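Descriptive structure summary
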Amino acid sequence: MSGFKRLALTVLIALLACSSSFQACSARKAKYTRQLKTVGEGYDGYNYRDPKLMDEGATPLKNAGSSTFNVLHFGAKGDGKADDTKAFGAAWAAACQVRGSTMMVPSGSVFLVKPIIFSGPNCEPNIVFQLDGKIIAPRSSSAWGSGIYQWLDFSKLQGITIRGKGTIDGQGSIWWNDWTDESESETPTAGDSLYSSKQDSISSELSAKMPDTKPTALRFFGSSLVTVTGITIQNSPLIHLKFDDCTGVQVSGVTVSSPGDSPNTDGIHLQNTQNVVIYSTNLACGDDCVSIQTGCSNVFVHNVHCGPGHGISIGGLGRDNTKACVKNVTVRDVTMQDTLTGVRIKTWQGGSGSVSGVMFSNIQVSNVKTPIMIDQFYCDKYRCQNETKAVAVSNINYVNIKGTYTGKPVHFACSDSLPCSGVTLTTIQLRPAQEGALSYAPFCWETYGQLKTNTIPPIDCLQTGKPSKNQLHANGDSC
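Scope of this entry: the structure provided in the associated data block. (Residues numbered from 1 in each chain as written. Predicted model: local features only at pLDDT ≥ 70, side-chain atom pairs only at ≥ 80, totals over all residues. Heavy atoms only, no water.)

Let us look at helix 2 (residues 85-96). The terminal C-alpha atoms of helix 2 lie 16 Å apart, and with 12 residues this matches the ideal 16 Å at 1.5 Å per residue to within 8%. Where burial is concerned, most of helix 2 is hidden: 11 out of the 12 residues are buried. For helix 2, the set of buried residues is Thr 85, Ala 87, Phe 88, Gly 89, Ala 90, Ala 91, Trp 92, Ala 93, Ala 94, Ala 95 and Cys 96. (Helix = DSSP H or I, 4+ residues; strand = E, 2+ residues; numbered from the N terminus. Expected span 1.5 Å × (residues − 1). Buried < 20%, exposed > 50% of the residue type's maximum accessible area, 1.4 Å probe, protein only.)

Geometrically, the link from Gly 315 to Gly 316 is a cis peptide bond, its omega value of 10° lying close to zero. Within the secondary structure layout, Gly 316 lies in strand 21 (residues 312-317). Here the bond from Ile 456 into Pro 457 is cis, since omega is -5°, no more than 30 degrees from zero. In this fold, Pro 457 is placed in the loop between strand 30 (447-451) and strand 31 (463-464). Of note, the phi angle at Asn 298 is positive, near 55°, even though the residue is not glycine. Using a relative accessible area of 37% as the deciding quantity, one classes Asn 298 as partly exposed.

Taken together, the side chains of Phe 377, Phe 443 and Trp 445 define a hydrophobic patch exposed on the protein surface, amounting to about 270 Å² of accessible area. Using a relative accessible area of 31% as the deciding quantity, one classes Phe 377 as partly exposed. (Patch = residues over 30% accessible without salt bridge, like charges linked within 9 Å, V, L, I, M, F, W, Y side chains within 5 Å. Areas by Shrake-Rupley, 256 points an atom, 1.4 Å probe, with all protein chains shown as cover. Salt bridge = Lys/Arg side-chain N within 4 Å of Asp/Glu carboxyl O.)

The subject of this paragraph is the nonpolar core. Core analysis: the largest hydrophobic core is formed by 102 residues, its most contacted members being Phe 88, Phe 220, Phe 243 and Tyr 398. When residues in this core are grouped by element, the largest group, 8 residues, is from helix 2. Setting aside chain neighbours within four positions, we find Phe 220 in contact with Phe 154, Ile 160, Ile 162, Val 226, Val 228, Leu 241, Lys 242, Phe 243, Asp 244 and Cys 246. (Core = buried A, V, L, I, M, F, W, Y, C linked by side-chain atoms within 4.5 Å. Contact = heavy atoms within 4.5 Å.)

What follows deals with the state of the cysteines. A complete count under the given rule lists 6 disulfides for this structure. With its sulfur 2.1 Å from that of its partner, Cys 289 forms a disulfide with Cys 306. Taking the sign of the S-S torsion, 80° for the link of Cys 289 and Cys 306, the bridge is right-handed. With a gap of 17 residues between them, Cys 289 in the loop between strand 18 (274-284) and strand 19 (290-292) and Cys 306 in strand 20 (residues 296-306) connect regions that are remote in the sequence. Residue Cys 289 shares its accessibility class with Cys 306, and that shared class is buried. Between the sulfur atoms of Cys 379 and its disulfide mate Cys 384 the distance is 1.9 Å. Because the torsion about its S-S bond is 80°, the bridge between Cys 379 and Cys 384 counts as right-handed. The class of Cys 384 is partly exposed, set by a relative accessible area of 23%. Sequence-ordered numbering of the disulfide-bonded cysteines in the chain gives the connectivity 1-2, 3-4, 5-12, 6-7, 8-9, 10-11. (Disulfide = S-S within 2.5 Å.)

Turning next to the pattern of salt bridges. Evaluation of the coordinates by the stated rule reveals 9 salt bridges. Taking the shortest distance from any N to any O, the salt bridge between Arg 99 and Glu 124 comes out at 4.0 Å. Here Arg 99 is found in the loop between helix 2 and strand 3 (102-105), whereas its partner Glu 124 is found in the loop between strand 5 (116-119) and strand 6 (128-131), with 25 residues between them in sequence. Overall, Arg 99 belongs to the exposed group, its relative accessible area being 56%. The salt bridge partner of Asp 169 is Lys 134, with a shortest N-O separation of 3.8 Å. Of this pair, Asp 169 sits in strand 10 (residues 167-169) while Lys 134 sits in strand 7 (residues 134-136); the two residues are 35 residues apart in sequence, bridging distant segments of the chain. Each of the salt bridges in this network shares a partner with another, and the network as a whole consists of Asp 153, Arg 219 and Asp 244.

This paragraph deals with the sheet that holds strand 17 (residues 268-271). The 11 strands are arranged 5-8-11-14-17-19-21-23-25-27-29 in an open sheet whose pairing can be described as parallel. Whereas interior strands pair on both sides, the edge strands pair on one side only; in this sheet they are strand 5 and strand 29 (443-445). Geometrically, the sheet is characterised by an average inter-axis angle of 15° between neighbouring strands, direction not taken into account. Here 5 bridges tie strand 8 (residues 150-155) to strand 11 (residues 216-221), and the two strands are oriented parallel to one another. Bridge pairing links Asp 153 to Arg 219 in strand 11. On the sheet, helix 2 packs against strand 5 and strand 8 and is oriented at approximately 5° with respect to strand 5. (Pairing = 2+ DSSP bridges. Axes fitted to C-alpha atoms, helices over the stretch in contact; angles between N-to-C directions.)

Bringing the side chain of Asp 375 into the picture now. Of note, Asp 375 is situated in strand 25 (residues 370-375). It is Arg 344 that comes nearest to the buried, bridge-free Asp 375 among opposite-charge side chains, at 6.3 Å. At a separation of 2.9 Å, a polar atom in the side chain of Asp 375 contacts the main-chain amide nitrogen of Phe 377. Other than its neighbours up to four places away in sequence, Asp 375 contacts Ile 345, Lys 346, Thr 347 and Ala 413. (Lys, Arg positive; Asp, Glu negative; His and termini not counted. Polar contact = N/O pair within 3.5 Å; in protein donor to acceptor, adjacent residues only side chain to side chain.)

Tracing the chain through its elements places Thr 424 in strand 28 (residues 420-432). The class for Thr 424 is buried, based on a relative accessible area of 11%. Taking the C-alpha atoms as reference points, Thr 424 and Leu 451, separated by 27 residues in sequence, lie 5.8 Å from one another. When near neighbours in sequence (up to four residues on either side) are disregarded, Thr 424 contacts Ile 396, Asn 397, Tyr 398, Gln 450 and Lys 452.

Take the environment of Lys 369 next. Among the structural elements, Lys 369 can be located in the loop between strand 24 (352-368) and strand 25. Distance in space between the C-alpha atoms of Lys 369 and Val 410 is 9.8 Å, their sequence separation being 41 residues. Apart from residues no more than four positions distant in its own chain, Lys 369 is found in contact with Thr 339, Leu 340, Tyr 405, Thr 406, Gly 407 and Lys 408.

Our focus in this paragraph is the packing of aromatic side chains. Counted by the stated rule, this structure contains 13 aromatic pairs. Between Phe 154 and Phe 220, the ring centres sit 5.3 Å apart and the planes meet at 25°, which makes this aromatic pair stacked. Note that Phe 154 is positioned in strand 8 and Phe 220 in strand 11, a separation of 66 residues in sequence. You can call Phe 220 buried: its relative accessible area is 0%. Taken together through their ring pairs, the aromatic side chains of Trp 92, Phe 118, Phe 129, Phe 154, Phe 220 and Phe 243 make up a single cluster. (Phe/Tyr/Trp six-rings, centres within 6.5 Å; stacked < 30°, edge-to-face > 60°.)

Shown next as structure tokens:
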């Protein structure tokens, strides 16, 4: 074979090899693209209905064949600066398709996440959200649009668990400052800003006013068999942890932390939720440590510390003439320190429905303004209109409540038309926090029940027996 023919044959073989390699590479790229699209299906986060899940070159399929989905493998940076919302959505979409899967938020990283929905109902059950790192909320007003009700929202899931030693930080001080309309900026705490030494870099973000609608940090909606354990939730703009329309809820080992003067920052808020256990939890906030609203039943709170805050409250119920129903609530083995109230039931005038079957027992209070309270004239405005209708309050039991108060030991203010009935007190020992300081005697109005033991101080204002029949108006909207 001549030299020219040998050269031509060599060139032809090289061209064929290159063409084959190019086709193979193209096929692998097409397959990779299809897999990316599959991982992203069903993601329904706020403002990310059809996201490009990550930059080209990321490796989302590193978890293939595994039931653990690490957000770092889906493009999350974890540096506290980059927006990791899309990566969280992609990891969730993948975990959602696998029964009993785990979405991993690893320790040692800080993730900036915008408002997002981790949604069912098409997810497989028993997903674990393993939180060992830190998730922080954006501090720029642009991230919140005109206002969002939830930041991290888990919706319509079955058997969802959030666990770990990590932290959810709402970075709420900028919202609280707007709410209080203070001209002086609040000194940030350790949890308010990750980069306190780089305040100049975020000063332009902080100058814009936040929306009037403040978000709850972590909410569960329409879900069953919900577990939250071990995590810390701090500095929420509003409520820290909320359960709405859920059943089978367990909260344990959780820490809630925000300043005592942070407005409306309830610790745990329950609404239309049944079969709840909250225990071994430390709650410090600027409003109710636990708030139990309408539609709740079979709620058991025990071994909880509350303070600062406004105590553990049922209500306010019946606002704007609505019907409210709460039953079978037990609060036991609780300590409260430096709170506005201890255990409280509060209802608005004009409401309907009932609160019944409540037990408050083994409550230790320290420097609490009003340890025991029923208020059927609750009003958070300057003035509220007098109404004859009321939410009925009955079968309320107080057992072994001891400690110190700074204002009034007992305050029972019940409706003229629908008095409180079946109120019992056993082993109540409440003393002024400072001997000789100004304090008030127990107060009762239209409150009927029984003193089962002597009390300190004497609660002589409680009326024995039951209200007269002409006081018990038929409640057409009873539960």
